[in-house]
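Commentary on secondary and tertiary structure
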Amino acid sequence: MNKVRTRIAPSPTGDPHVGTAYIALFNRCFAHQHGGEFVLRIEDTDQQRSTDKSEQDILSSLKWLGLTWDEGPGCEGDFGPYRQSERSDIYSDHIQQLLENGSAFRCFCTPERLDELRAQQMQDKSQPGYDGHCLSLSQSECENKCAADEPHVIRMKIPGSGECEFEDMLRGGVSIAWSQIDMQVLIKSDGMPTYHFANVVDDHLMEISHVIRGEEWINSTPKHILLYQHFGWEAPAFCHMPLLRNPDKSKLSKRKNPTSIRYYEAMGYLPEALLNYLGMMGWTMPSGEEKFSLSEMEASFDISRVSLGGPIFDIEKLDWLNGKYIREELTDEEFTKRFAAWAFAPEKVAQIVPLLKQRVERFSDVASLGGFFIDGSLEISEASFAHKTIDSAQSAKILQFTLWKLEALEQLDRDAVEVELHALAAKFELKIRDFLFPLFVALSGKAVSTSVIESILILGIDIARARIRQAILVLGGISKKQAKALEKEFCNF
Ligand code: GLU
C-alpha cells in the first residue's frame, strides 16, 4: 500500500462542530495506526460564508481536544498551501485540462432559465438537475460568448446511463445510477471552484490515500470518482462514517443539543474525556474498555470495527465518563490547577471583574452575584419568571425570539446584540427593562443581575443559547405546533 495519508477538510462557515472532531479523530487514528500522516485542509471556497473567526475557532478547538495535525495551517508540509483560497491558480490550471479533454463544458444558462427548468421539473415530478442545454453549443459559439464576457459556469459531463460503482470501506460495494447525478458546476461564475472540484484536485495533489468522511457525502462520491477518471488519476479509498445522532435518533443538530466544541469547553468538560467519548461513537476497543486515551485508541484502531448503526451522542453518558476522568485521572493538585485555569481564565476574569466591582461591597458577595458565570445549568423554575405584567407564555416567546435573533447574528458583538434586543423590545411594545427581565432570569438565574448584553458576551453564544433553551423548557416548553406558528410570526415580526 502507498503511504497512508488522510485528511479532514472543514469549511470555516460556523461553529467548531463536535462532528468535525469525531471525523478528525477517526482519520487521525487510521493514519497513525498505519504510520501515515493526518492532514488538515481548510475548504474556504464559499467566500461569502467563510470567516477567519470560524477558521480560528475550528483550529483552536481541535488543538484543545489534542487533535493536532501533521500537516496543515500552522504546520506546513510539502503539499501546501492548505487553505483553498490560496490555491486558485491550481484550480484554473486543472479546469483547463478538463475543458481541453472534453469532460467539462461551459454553461451560459441564465439563473432565470435554471429557475424555470427547476420549476418545470418539480411540476413534472422528474429528477431535478441541469438538462444539458449548453452541451450543444459549438466551439465557435462558445468562443464568441466568452469573447463577449458572457457570465458562465463550467460543468462536468456525466454519463447518460449506467451506474457508478465503488467500494466503501465500511459498506462494501455501493452503486448509484448516473441518472441521479447532476452535471455538477465545477467553476462558479465568479471563477471560484465548487467544493466538489477543489476537493478532488486537492485530495489528489495532497496524495490523500483514504477519504474518511461523514456519510452525508456518499451521494457526492460518484461525481468525485468521475472527476478522478476525467483527469486520469487513481481515486483514493472511500469510507463514509455514520453520522452522530441525538438520543431520539435524529441527526445531531444544535436545535436539540449543543454541537459546538466551544460549548463543551465552556461547560468545563475535560478535553481528554470528550475525545474519549467521541472515540466511542460507532467504535469499541477490542477489550470492551470504555475509558481509553488517544494513544490507546490509535494503537488498537481497526476501521472495519466501526459499526454503521447511527452512534448516539448522549450528554448523560458523556457526563458519566467525564466524572470518571475527574475522579480517576486527576490528583487533587491537578484538579485544583485545571479547575482554576478553567474558572479563572484571565480573559474571562478581566471581563467579569468590572461588572462585579460596581455592585459588591465585600468579596463574599462575589460568588452569589457572579457565580452564574461559571455555573453549568441554573436552578430555575417557572416561579423565577414571575413578573407583574409578563406571563409565562410571553416570557417563553420573548426568549424564543431572542434565541432566533442571536442565532442569526453573524458576529456576536456588543452593538449587534444591543440593536437586536432593542428592536425586539419595541416590536413587543415593551419597555426595555420589562423585555429584558426573562433574559436576566434565563441567563443568571436571578431577576437582577449584571447587564444582559455583557452576560451574553461573557458567557458566549453557546452557553447563552443553552440557558435560554433550558428556560423555555422550564416555562413549559414550546410544542412543535406552537414553534411553527411562532416562526411564522417571527418572520413577519
Ligand atoms: N468541506 C467539506 C465539509 O465541510 C469536506 C467534505 C469531505 O470531507 O469531503 O465537510
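In what follows, the structure referred to is the one given above.
To start, this report covers the structure provided alongside it.

Rules behind the numbers
Residues numbered from 1 in each chain as written. Predicted model: local features only at pLDDT ≥ 70, side-chain atom pairs only at ≥ 80, totals over all residues. Heavy atoms only, no water. Helix = DSSP H or I, 4+ residues; strand = E, 2+ residues; numbered from the N terminus. Buried < 20%, exposed > 50% of the residue type's maximum accessible area, 1.4 Å probe, protein only. Contact = heavy atoms within 4.5 Å. Near = heavy atom within 4 Å. Polar contact = N/O pair within 3.5 Å; in protein donor to acceptor, adjacent residues only side chain to side chain. Areas by Shrake-Rupley, 256 points an atom, 1.4 Å probe, with all protein chains shown as cover. Nonpolar A, V, L, I, M, F, W, Y, C, P; charged D, E, K, R; others polar. Phe/Tyr/Trp six-rings, centres within 6.5 Å; stacked < 30°, edge-to-face > 60°. Lys NZ or Arg CZ within 6 Å of the ring centre and 35° of its normal. Expected span 1.5 Å × (residues − 1). Bend = angle between axes of the 7 residues up to and from the residue. Arc of directions from axis to C-beta.

What follows deals with the overall build of the protein. Summing up its helical and strand segments, the protein has 19 helices and nine strands in all. With respect to the three principal axes, the spread of C-alpha positions in the protein is 80 × 55 × 35 Å. Buried residues in the protein amount to 48% of all 493 residues. Put simply, 76% of the contacts in the protein that link residues at least 6 apart link residues at least 24 apart.

The next thing to look at is the environment of Ser 138. Looking at the secondary structure, you find Ser 138 in the loop between helix H4 (111–124) and helix H5 (139–147). With relative accessibility at 30%, the residue Ser 138 sits in the partly exposed group.

The subject of this paragraph is the site of the ligand. Near the ligand the following residues occur: Arg 7, Ala 9, Ser 11, Glu 43, Tyr 195, Asn 199, Arg 213 and Trp 217. Backbone polar atom of Ala 9 to a nitrogen atom of the ligand: 2.8 Å apart, as the coordinates give it. Here a nitrogen atom of the ligand and a side-chain polar atom of Glu 43 are 2.7 Å apart. In the complex, 83% of the free accessible area of the ligand, which totals 300 Å², lies under the protein chains. Taken together, the residues that form the shell around the ligand break down as three nonpolar, two polar and three charged.

What follows covers the packing of aromatic side chains. As enumerated under the stated definition, the model contains 22 aromatic pairs in all. The interplanar angle of 55° and the centroid separation of 5.2 Å between the aromatic rings of Trp 404 and Phe 490 together place this pair among those described as tilted. Of this pair, Trp 404 sits in helix H15 (residues 392–408) while Phe 490 sits in helix H19 (residues 480–491); the two residues are 86 residues apart in sequence, bridging distant segments of the chain. Both residues of the pair, Trp 404 and Phe 490, belong to the buried class. An aromatic cluster is present here, built from Tyr 263, Tyr 264, Tyr 269, Tyr 277 and Phe 313 joined pairwise through their rings. The ring of Trp 283 is capped by Arg 305, whose NZ or CZ atom sits 5.4 Å from the centre of that ring.

In this section: the side chain of Ser 444. Looking at the element boundaries, Ser 444 is found in helix H17 (residues 432–444). Engagement of the side chain of Ser 444 in a polar contact is seen with the backbone nitrogen of Lys 446, the distance being 3.1 Å. Beyond its immediate sequence surroundings of up to four residues, Ser 444 is in contact with Phe 372, Leu 378 and Ser 449.

With that out of the way, let us pick up helix H18 (residues 452–474). The end-to-end C-alpha distance of H18 is 19 Å, clearly below the 33 Å that 23 residues give at a rise of 1.5 Å each. Its maximal kink placed at Gly 460, H18 deviates by approximately 115°. Judged by how many residues are buried, H18 sits mostly within the fold: 19 of 23 residues are covered. Following H18 by one or two positions, Gly 476 has its phi on the positive side, about 105°.

With that out of the way, let us pick up the side chain of His 230. By secondary structure assignment, the location of His 230 is in helix H7 (residues 221–231). Relative accessible area serves as the criterion here: at 19%, His 230 is assigned to the buried category.

Here the focus is helix H13 (residues 346–357). If you check H13, its first and last C-alpha atoms are 16 Å apart, about what 12 residues at 1.5 Å a residue would give, namely 16 Å. Regarding H13, the residues found buried are Lys 348, Ile 352, Leu 355 and Leu 356. In a view along the axis of H13, the buried residues occupy a sector of 90°, so they form one face of it. Summarising the geometry of H13, the exposed residues directed more than 90 degrees from the buried face are Pro 346, Glu 347, Ala 350 and Lys 357. Residues of H13 that are buried make contact with helix H14 (366–370) and H18.

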